[in-house]
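Working through the structure, step by step
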Amino acid sequence: MNELRKIPSVDWLLQTAEVRDLLQEYGAPLAVSAVRDCLDRYRVKLKKDQSAFDLSAYFGMVKEELEGISRYNLKPVINATGVILHTNLGRAVLSDEAQDRLARVSKAYSSLEYDLETGTRGSRSVHADRMLCELTGAEASLVVNNNAAAVLLALTVLAKGKRVIISRGQLVEIGGGFRVPEVMKVSGAKLVEVGTTNRVRLEDYAEELQNGASVVMRAHPSNFKITGFTEQPELKALVELTHENSAYFIDDIGSGALINTVPFGLSEEPLVQESVQAGADIVCFSGDKLLGGPQAGILVGKKELIARLKKHPLARAIRADKLCLAGLEATLRHYLKGEAVEKIPIWRMISLSAEEIRLRVTRWQQALGTGEVAAEYSTIGGGSLPGEILPTYVLVITVKQPVKALAKLRQNNPPIIGRVKDDRLFFDARTVLESEDQQLLDGIRKIT
Ligand SMILES: *Cc1c(COP(=O)(O)O)cnc(C)c1O
């Protein structure tokens, strides 16, 4: 009990040089609360093991506590899974130019909503607009927080209280709880299902359009595939039928590909420009899937309708921020300049040949002096191109406890995300950035 009396007071501790340094480094609120919390914990410990108060041990404890608290929670990781658009790992990696625009726009004031020509209030929706219209052939555009928000906005404005037709095969759930029927309910639209899971015909739509539906919606089943006995009407024919019945056509294409995926050995993903061409009134897609930009929801379509969307209060609630717009503008520029495949990381990853990857994995293996080089498959992920795979090569490492090793790699700085298959560790080079090679190898060395 005696020893407890020798514990210094918080006020006294706050005057010591050590704590004053910590106050300087971490800021007063955080440091003072760490001083208090650690003192409480230390007191309990002293009582338990009847030991004397050791000032330097106590300072060590406070320091450790502060380091732990201030360590960033959101941090870069090395993606060695081979899943290119890994939703849990932040989807698309931005191009150098996009990163640079983001940094520049964040370091200073910007022309976010300021018209530099007239010196008056401007609109944040102008920045990407010209490029989006040029690239997609649409009359107008609007950028919001994400595609889920884009779909919600389009349905709220065009279909609230009205009937919306959708094929049963498109009542999909995208990762993270985005379910088409639920989004419809939130928007106030009345869902009208047509066709069956695998087949829907033009006549199915025609019947419901004649029954007074106001909107036809198409949702791209991004993360699964129905194969075999299937049928759907041609997009163009469906849009024409919709317009003949004075209804609007909303096309949620999900991934937002602007370039053809077929030459890369992948199956066909709907192109934004094809939907616009087919006459869709509103086309919605993500900014951070196959577009390869920042998280965003992009709506392109008819001028009059986009203008209506912009005026709705919901548009204000889900608007894109300046960092997103800066990154998006830079990403879109790559497409306009015809350099998307070389400059946008996800496209570079998609276009890597298995042979290029094999050479790189072989270099890893030689540097480590261990492991095997094996053929495997990478996937697109992010709810794009379901079931599509790209031949790749992986470094295979055999360890005694692979699951434990994987956990240890996650604690690495930076964390390394690999996968276990057949009790061995797999590292796919396709999704590891060139600049991360050294860090990856250093991390692997620690577990072998
Ligand atoms: C991914 C996806 C969404 C959701 O987009 P987010 O940008 O993740 O909000 C909506 N619809 C479809 C068809 C999708 O593929």
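Residues numbered from 1 in each chain as written. Predicted model: local features only at pLDDT ≥ 70, side-chain atom pairs only at ≥ 80, totals over all residues. Heavy atoms only, no water.

As summarised here, the arrangement of the 7 strands in space is S4-S12-S11-S10-S9-S5-S8, forming an open sheet in which the pairing is mixed. Either end of the sheet is taken by a strand with one partner, and the two such strands are strand S4 (140–144) and strand S8 (190–194). Across the sheet, the mean angle separating the axes of adjacent strands is 20° when strand polarity is ignored. The sheet strands contacting helix H7 (residues 129–136) are S4, strand S11 (282–286) and strand S12 (297–301), and the helix crosses S4 at an angle near 120°. (Pairing = 2+ DSSP bridges. Helix = DSSP H or I, 4+ residues; strand = E, 2+ residues; numbered from the N terminus. Axes fitted to C-alpha atoms, helices over the stretch in contact; angles between N-to-C directions. Contact = heavy atoms within 4.5 Å.)

Looking now at unusual backbone geometry. Here the amide bond leading from Asn413 into Pro414 is cis, since omega sits at 0°, within 30 degrees of zero. Residues other than glycine seldom take positive phi values, yet Arg91 does so here, at roughly 50°. Among the secondary structure elements, Arg91 is positioned in the loop between strand S1 (78–79) and helix H6 (96–107). With a phi angle near 50°, Asp422 is a residue other than glycine that sits in the positive phi range. By the secondary structure assignment, Asp422 is in the loop between strand S16 (419–421) and strand S17 (424–428). The class for Asp422 is exposed, based on a relative accessible area of 62%. (Buried < 20%, exposed > 50% of the residue type's maximum accessible area, 1.4 Å probe, protein only.)

Turning next to helix H20 (residues 437–445). Within the span of H20, buried status applies to Asp437, Leu440, Leu441, Gly443 and Ile444. Buried residues of H20, seen end-on, are gathered within an arc of 160° and therefore sit on one face of the element. (Arc of directions from axis to C-beta.)

With respect to burial, S4 is a largely interior element, 5 of its 5 residues being buried. Where S4 lies against S12, 5 bridges are found, and the strand directions are antiparallel. By the bridge assignment, Leu142 is partnered in S12 with Leu299.

Here the focus is the environment of Pro415. With respect to the secondary-structure elements, Pro415 resides in the loop between helix H19 (402–410) and strand S15 (416–417). Spatially, the C-alpha atoms of Pro415 and Ser33 are 29 Å apart, while their sequence positions differ by 382 residues. With sequence-adjacent residues up to four places away left out, Pro415 is seen in contact with Lys75, Pro76, Val77, Ile78, Leu409 and Arg410.

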